[in-house]
Amino acid sequence: MALAKKSLEILTETMFYVLMAFLKTDMCGTDVAAFIDRKTKGRIQMGPGTLYTILAKFQSEGLLEETEIQGRKRTYRITHRGRRIYAEEVERLRRCLLDAEEEAHTEL
Amino acid sequence: MKHHLFLPTFLPVSFPDAMETFLEDMAKKGWFLKKVGYFLSFCQFEKGTPAPVRYRLEPVPDTVRTPSAEMVQFYEDFGWKYLTTFSHFFFIFVAENPDTPEIHCDPLVQAKGYKRMCRNFSVFGLASLALLAIFLGIPLYHPAFLLECPRFSAFALVTLLAFAVLILWSVLRLWKIYRNLSQGKPLSHRKGYLHIFSLQTIILVLLVLFLLPFSDKLVEWDENDQITQALTAVEEPLPYVPLAEMGISPDWVQTPYDPITIGGKNSDSNYVRSRSNVLAPATFQISQTAYHTDPNMPAVATSMTSYYGEMANSFLAKIVGMDFANLYADTPGISGYKMEKEPLSLSGFSEAYYGDLLGNAQLLLLRQDNRVLIVHYAGDASLKDHVEDFAKLFTQSYTPL
């Protein structure tokens with residue numbers, strides 16, 4: 001488990017948005033890409049290679065689990081561990097933002 | 001009927017960007033990739049209407065030859081169609097729609113695929129380099145071969161070195177791609193390929209020539225450099241001590257030819273072989289044999305074989321001397337035998353020693369700067385009693401035949 005955690009120490013922006021996509025509902029790959037495209041207003045255009053790698057990695061790390069297989073299409077859902085990692089990342093980003101805003105007010 | 005084109009790409013796997021550019025350029029001319037053969041990466045193209053399609057090479061995730069059905073469907077849902085596999089390392093995908101998003105949008109995630117590939121390719125690269133090192137090490141193990149076959153040796157060394165450089169270059173380039181991706185730098189999908197094609201083609205041509213009878217031709221030319229003559233036919237001074245001066249018994253006879261004929265032809269038994277090239281301006285291999293006059297005795301009564309060489313430098317003289325001494329000291333039927341060297345006190349010589357080969361033969365080695373003499377003698381006399389005679393051979397130079 002410690003090794004798995006170390007592997008996910010760095011959550012890239014695309015990984016973060018992939019986790020975000022699963023917060024409210026189960027999804028398949030194309031749904032995730034569509035969600036991210038909508039959420040970021042086209043700033044991040046998720047490619048199949050990136051998404052395929054992230055989904056496989058999150059599944060092996062226990063952040064996502066498969067819920068349904070329809071033909072060749074797979075649907076995933078976020079796990080408790082996935083939600084915890086996501087929450088930790090949100091908290092880390094919030095602290096970064098607070099530090100940045102504090103620094104900006106101090107300069108003024 | 002669709003037209004087909006078969007083209008060897010000769011592109012190393014460490015240039016995925018060059019391969020993508022090449023395929024896209026072909027598509028703009030109306031040639032679309034259908035399949036890549038495993039041997040020499042022969043690409044099969046099919047003629048169609050020129051179009052600006054995009055090709056992308058994806059590192060193979062594990063040891064499979066084709067992507068899983070799930071992966072194929074996944075990529076197809078995004079507009080990328082699986083075409084074929086390139087060597088053991090890449091899956092090739094194609095997108096016809098220019099609005100299809102790129103396969104990768106996160107270099108850090110893409111780096112994971114390349115890391116695995118780098119490791120696998122490095123193992124393959126190291127294994128190839130180890131094999132090449134063995135071949136490249138042959139001249140060090142048997143340096144006399146360089147002198148006997150200089151043309152073939154030079155050609156083989158150049159070819160093997162070129163291969164080694166290509167493999168090392170490929171491994172290093174792959175690791176550079178991985179490093180750039182790990183630092184967040186996206187992979188470029190455009191790269192010139194003509195110079196890579198040319199370099200790889202030259203190296204492959206060298207390899208083909210090496211394997212073809214061309215290398216046999218080089219060996220033949222090298223062998224033709226060697227002149228063989230009966231000792232009695234040579235008037236110029238030669239670097240050897242005649243067998244008669246070693247003490248020859250009246251029971252023996254030293255004839256120019258072997259009394260035991262082979263195939264009805266007389267073969268020389270007292271001869272000199274001489275050769276000259278840039279590494280060794282003058283070398284002589286001299287064989288002398290005397291036979292018993294009594295037919296009840298073994299045919300060969302005594303023999304002496306010597307190698308004398310004037311090399312391009314003293315280092316060559318040293319290693320060639322060692323090589324020939326090992327060859328002459330090789331005792332058939334007794335493996336692992338190590339001859340004891342008895343150093344000789346001889347002024348003006350860098351190296352001088354005597355060896356007894358289990359009482360059956362004797363060896364003498366004398367080396368002075370860039371000149372070396374090795375003598376193998378099987379007879380009743382002692383080489384140690386004639387060291388001064390052999391040392392005198394170094395007081396003059398010799399002209400090759």
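Conventions adopted
Residues numbered from 1 in each chain as written. Chains lettered and ligands numbered in written order. Predicted model: local features only at pLDDT ≥ 70, side-chain atom pairs only at ≥ 80, totals over all residues. Heavy atoms only, no water. Helix = DSSP H or I, 4+ residues; strand = E, 2+ residues; numbered from the N terminus. Buried < 20%, exposed > 50% of the residue type's maximum accessible area, 1.4 Å probe, protein only. Contact = heavy atoms within 4.5 Å. Phe/Tyr/Trp six-rings, centres within 6.5 Å; stacked < 30°, edge-to-face > 60°. Core = buried A, V, L, I, M, F, W, Y, C linked by side-chain atoms within 4.5 Å. Pairing = 2+ DSSP bridges. Axes fitted to C-alpha atoms, helices over the stretch in contact; angles between N-to-C directions. Expected span 1.5 Å × (residues − 1). Salt bridge = Lys/Arg side-chain N within 4 Å of Asp/Glu carboxyl O.

Participant: I'd like a description of the side chain of Glu24 of chain B, backed by residues and values.
Facilitator: Residue and element names in this part refer to chain B. Looking at the element boundaries, Glu24 is found in helix H1 (residues 16-28). The exposure class of Glu24 is buried, given its relative accessible area of 8%. Ignoring anything within four residues of it in the chain, the contact list for Glu24 reads Val53, Arg54, Tyr55, Arg56 and Arg190.

Participant: Give me the lowdown on the packing of aromatic side chains, citing residues and values where you can.
Facilitator: Tallied over the full model, the rule gives 24 aromatic pairs over all chains. Ring centres of Phe16 of chain A and Tyr86 of chain A lie 5.2 Å apart, and the angle between their planes is 15 degrees; on these two criteria the pair is classed as stacked. Linking Phe16 of chain A in helix H2 (residues 13-21) with Tyr86 of chain A in helix H5 (residues 80-107), this pair joins segments that are 70 residues apart in sequence. Overall, Phe16 of chain A belongs to the buried group, its relative accessible area being 11%. Ring pairing ties together the aromatic residues Tyr52 of chain A together with Phe74, Tyr75, Phe78, Tyr82, Phe91 and Phe93 of chain B, which thus form one cluster.

Participant: So what's going on with the nonpolar core? Which residues, and what values?
Facilitator: Of all hydrophobic cores here, the largest spans 44 residues; its most connected members are Tyr55 and Tyr114 of chain B. Per element, the largest residue contribution to this core is 11 residues, and it comes from helix H6 (residues 150-182) of chain B. Judged by nonpolar contacts, the second largest core, of 40 residues, contains Leu11 and Met15 of chain A together with Phe74 and Tyr75 of chain B.

Participant: Describe the sheet that holds strand S1 (residues 27-28) of chain A, naming the residues involved and giving the relevant values.
Facilitator: Residue and element names in this part refer to chain A. A sheet is described by the order of its strands in space; here 3 strands give the open sequence S1-S3-S2, paired in antiparallel fashion. A single partner strand is all that each edge strand has here, and the edge strands are S1 and strand S2 (64-70). Of the strand pairs in this sheet, S1 and strand S3 (residues 73-78) are connected by 2 bridges, and their pairing is antiparallel. Of the residues in S3, the one forming a bridge with Cys28 is Thr75.

Participant: Account for the sheet that holds strand S6 (residues 90-95) of chain B, naming residues and giving values.
Facilitator: Paired through backbone hydrogen bonds, the strands of a sheet run either parallel or antiparallel to each other. All names here are of chain B. Taken in spatial order, the 3 strands of this open sheet run S4-S6-S5, and their pairing is antiparallel. In the strand order of this sheet, the two ends are held by strand S4 (54-59) and strand S5 (81-86), each with one partner. The mean angle between the axes of side-by-side strands here comes to 30 degrees, regardless of whether they run parallel or antiparallel. Relative to S6, S5 runs antiparallel, the two being bridged by 5 bridges. Looking at the pairing, Lys81 lines up with Val94 of S6.

Participant: Which residues make up helix H8 (residues 213-224) of chain B, and what values go with them?
Facilitator: End to end, H8 of chain B covers 16 Å across 12 residues, agreeing with the expected 16 Å (1.5 Å per residue, within 8%). Packing partners of the buried residues in H8 of chain B comprise helix H5 (144-148), H6, helix H7 (194-211) and strand S9 (271-275) of chain B.

Participant: Quick rundown of the environment of Asp356 of chain B? Include the residues and the values.
Facilitator: Residue and element names in this part refer to chain B. Along the chain, Asp356 turns up in strand S13 (residues 351-357). The exposure class of Asp356 is partly exposed, given its relative accessible area of 36%. Separated by 349 residues in the primary sequence, Asp356 and Leu7 have C-alpha atoms spaced 63 Å apart.

Participant: Break down the pattern of salt bridges for me, citing the residues and quoting the values.
Facilitator: Here the idea is simple: oppositely charged side chains can pair when their charged atoms come close. Scanning all chains against the criterion turns up 23 salt bridges over all chains. Close ionic contact of Arg77 of chain A with Asp26 of chain A constitutes a salt bridge, the shortest N to O distance being 3.9 Å. You can see Arg77 of chain A sitting in strand S3 and its partner Asp26 of chain A sitting in the loop between H2 and S1, a full 51 residues away along the chain. Here Asp26 of chain A falls in the partly exposed class, since its relative accessible area comes to 35%. A salt bridge links Asp17 of chain B to Arg173 of chain B, with the nearest nitrogen and oxygen atoms 3.0 Å apart. With a gap of 156 residues between them, Asp17 of chain B in helix H1 and Arg173 of chain B in helix H6 connect regions that are remote in the sequence. Each member of the pair, Asp17 of chain B as well as Arg173 of chain B, is classed as buried.

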